[in-house]
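The residues making up each chain are set out below.
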Amino acid sequence: MVYLNYNNLDAETQKRLLENSKLDVEQQCGNDLKAYAIENQLDYDTLLEEEAIRNLYNYKYVFNI
């Protein structure tokens, strides 16, 4: 098994994982993020992307070769 982190993956894979992470974050706490963005006058999309990136570093990537 090979253990990698997000930075070791190619750009295409990083982009796909980021999109998946955005969907996960939006499902888990989308309403809370929207309320926070409105309350603090922040851009929701930027906030969502930041949370999605943070979420990516919680994943463990394991590949069987």
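Residues numbered from 1 in each chain as written. Predicted model: local features only at pLDDT ≥ 70, side-chain atom pairs only at ≥ 80, totals over all residues. Heavy atoms only, no water.

Mapped onto the elements, Glu50 comes out in helix H2 (residues 44–56). Residue class for Glu50 comes out partly exposed when judged on its relative accessible area of 41%. (Helix = DSSP H or I, 4+ residues; strand = E, 2+ residues; numbered from the N terminus. Buried < 20%, exposed > 50% of the residue type's maximum accessible area, 1.4 Å probe, protein only.)

The next subject is helix H1 (residues 11–39). In this model H1 runs just 34 Å from its N-terminal to its C-terminal C-alpha over 29 residues, more than 12% under the 42 Å that 1.5 Å per residue would give. Immediately downstream of H1, the backbone of Gln41 shows phi near 55°, a positive value. (Expected span 1.5 Å × (residues − 1).)

The next point concerns the packing of aromatic side chains. Under the defined criterion, the tally for this structure stands at zero aromatic pairs. The ring of Tyr44 carries the charged tip of Lys34 above its face, separated from the ring centre by 5.6 Å. (Phe/Tyr/Trp six-rings, centres within 6.5 Å; stacked < 30°, edge-to-face > 60°. Lys NZ or Arg CZ within 6 Å of the ring centre and 35° of its normal.)

One recurring pattern in soluble globular proteins is that nonpolar side chains are buried together. In this structure, Val25, Leu33, Ala37, Tyr44, Leu47 and Leu48 together form the largest nonpolar core, which totals six residues. Breaking this core down by element, the ones donating at least two residues are H1 and H2. Those residues in contact with Ala37, other than ones at most four positions away along the chain, are Leu42, Tyr44 and Leu47. (Core = buried A, V, L, I, M, F, W, Y, C linked by side-chain atoms within 4.5 Å. Contact = heavy atoms within 4.5 Å.)

Here we take up H2. Spanning 13 residues, H2 covers 18 Å between terminal C-alpha atoms, matching the ideal 18 Å at 1.5 Å per step. Residues Tyr44, Leu47, Leu48, Ala52, Asn55 and Leu56 constitute the buried set of H2.

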